[in-house]
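Summary of the model geometry
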Amino acid sequence: MSSDSAAERLLVIYNPIAGRRRRRFLSRVLEALERRGLSVRLEPTRRRGDAEALARGARAGGADRVVVAGGDGTINEALNGLEGPVPPLGIVPLGTANVLAHELGLGARAEAVAAAIAEGSPRAVTLGLVNGRRFSMMAGVGFDAHVVRDVSPRLKRAIGKGAYALETLRQLLVFAPRTYDLRIDGAAHRAASVIVCNGHYYGGKFVAAPAARLDAPEFQVVLFGRAGRLAILRYALALAFGRLPALADVTILPARTVEIAGPTGEPVQADGDILAHLPARFDAVPEAAKLVGPA
C-alpha cells in the first residue's frame, strides 16, 4: 500500500506490558504513520485473550490493516483472531525476543518500521497449527517447552531475555530426561526434544533450521537425539554458535504434518507461550495469513 492512501485505517493492538520499556519507540512509530496520512486507532490489551478478540473484530470495526505492537505472544494471539477475509498484519516489535520481526527483517529503527507498515507489500505466509491453534515461527516439545512454561513473568518483565537464561539453568537441575514418539508425514521417529520450525530464527536471531522459511509450504522439524544435562548444554552452545545442524545427533526433516506423543499433558510451547499439551498434532497451512514487511 503506498503512503499517499490517506484513507487507510490502522487498528494498532498494543500490549502495554511488553512495551513498557519501549513506549517512546512506539510513539515514534505512531507519529511516523500519522505523518504519512494514515488513521491510527490504538487499542491496549488488558488481559490474555484481548489481542485475539480485537483482531477478530478488526474488519467489523472498519480496519484496513491490523498492527500488533508487542512481542511474539501478542502477535500469536492476533493471528489466532484473524479470520474470514484476513486484513494484512503489521508489527511494531516491543517484546523480549521479537523472533517474527527478525524473520521479516524489520530492524530496530522507528522510521523503518513505520515505512514497512505503511508502504510494505502484504506477503502470504504459512502458519502452523498445533491442536487447532495457530503459530507463526516455531513450536517446541521437551526442554524448551518446560523453560517457557516455568519462566517467571515478573522476572521476564524486569530483565527480558535474562529470565529465560535463569530458567534454563534451573531446568538443567530439575528437568527429567524423557523421549517422545513422533510421526513425521507418517514416518515414525523418536527424539529427546523437538522443535517444529516455520521460520529459521529461534529465540531471537539464533538459527535452528537454516532451510525454514515463512513462505515455504512445510515445516523443518529439528530432532534432538540425546537427553540429559550435558547433551542440552552441548545443543545450546551449538545453537549459540550457529553449529546446531552440523551435530551428528541432530536431525532436521521437512514435514507438512507432525504428530507427537509422550507423557499426557506435557506442555507444547509455540511462539514463546504454552499453546497446547501432548498428544499434539502440527499442520503446516500455506498462505494462512498476510504479513507486512519492508518494501
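Here the structure is shown first, and the text comes after it.
These notes cover the structure that comes with them. (Residues numbered from 1 in each chain as written. Predicted model: local features only at pLDDT ≥ 70, side-chain atom pairs only at ≥ 80, totals over all residues. Heavy atoms only, no water.)

We now examine the layout of surface pockets. Counted as a void, the second largest pocket has a volume near 160 Å³. For the second largest pocket, the full set of lining residues is Arg-22, Phe-25, Pro-93, Gly-95, Thr-96, Asn-98, Ala-101, His-102, Leu-106, Gly-107 and Ala-108. Taken together, the residues of the lining of the second largest pocket break down into five nonpolar, five polar and one charged. (1 Å grid on protein atoms, 1.4 Å probe; cavity = no way out; pocket = protein on both sides within 12 Å on 5 of 7 lines; lining within 4 Å. Points joined across faces, edges and corners; volume = space filled by probe spheres on them. Nonpolar A, V, L, I, M, F, W, Y, C, P; charged D, E, K, R; others polar.)

With that settled, the discussion passes to a nonpolar patch on the surface. Taken together, the side chains of Leu-155, Ile-159, Leu-166 and Leu-169 present a nonpolar region at the surface, about 340 Å² in accessible area. Broken down by secondary-structure element, the contributors of at least two residues to the nonpolar patch are helix 7 (153-159) and helix 8 (161-174). Position of Leu-166 relative to the elements: it lies in helix 8. Residue classification places Leu-166 among the partly exposed positions, given a relative accessible area of 45%. (Patch = residues over 30% accessible without salt bridge, like charges linked within 9 Å, V, L, I, M, F, W, Y side chains within 5 Å. Areas by Shrake-Rupley, 256 points an atom, 1.4 Å probe, with all protein chains shown as cover. Salt bridge = Lys/Arg side-chain N within 4 Å of Asp/Glu carboxyl O. Helix = DSSP H or I, 4+ residues; strand = E, 2+ residues; numbered from the N terminus. Buried < 20%, exposed > 50% of the residue type's maximum accessible area, 1.4 Å probe, protein only.)

Let us look at the sheet that holds strand 13 (residues 219-224). In spatial order, the strands read 14-13-10-7-16-17; together these six strands make up an open sheet with antiparallel pairing. Two strands in the sheet have a free side with no partner beyond their single neighbour: strand 14 (250-255) and strand 17 (273-277). With strand direction ignored, the average angle separating the axes of adjacent strands in the sheet is 25 degrees. In the sheet, strand 7 (residues 138-141) pairs with strand 16 (residues 267-270) via three bridges, with the strands oriented antiparallel. Its bridge partner lying in strand 16, Val-141 is registered against Val-268. (Pairing = 2+ DSSP bridges. Axes fitted to C-alpha atoms, helices over the stretch in contact; angles between N-to-C directions.)

Counting through the fold element by element, Asn-98 comes out in the loop between strand 4 (89-93) and helix 4 (99-104). Of the residues examined, Asn-98 reaches a relative accessible area of 11% and is grouped as buried. Apart from residues no more than four positions distant in its own chain, Asn-98 is found in contact with Arg-22, Gly-70, Gly-71, Asp-72 and Pro-93. (Contact = heavy atoms within 4.5 Å.)

In this section: the environment of Ala-289. Looking at where Ala-289 falls in the secondary structure, it is placed in strand 18 (residues 280-292). Once the C-alpha coordinates of Ala-289 and Ala-124 are considered, the two residues, 165 residues apart in sequence, prove to be 5.8 Å apart. If sequence neighbours within four positions are ignored, Ala-289 has contacts with Leu-79, Arg-123, Ala-124, Val-125 and Leu-127.

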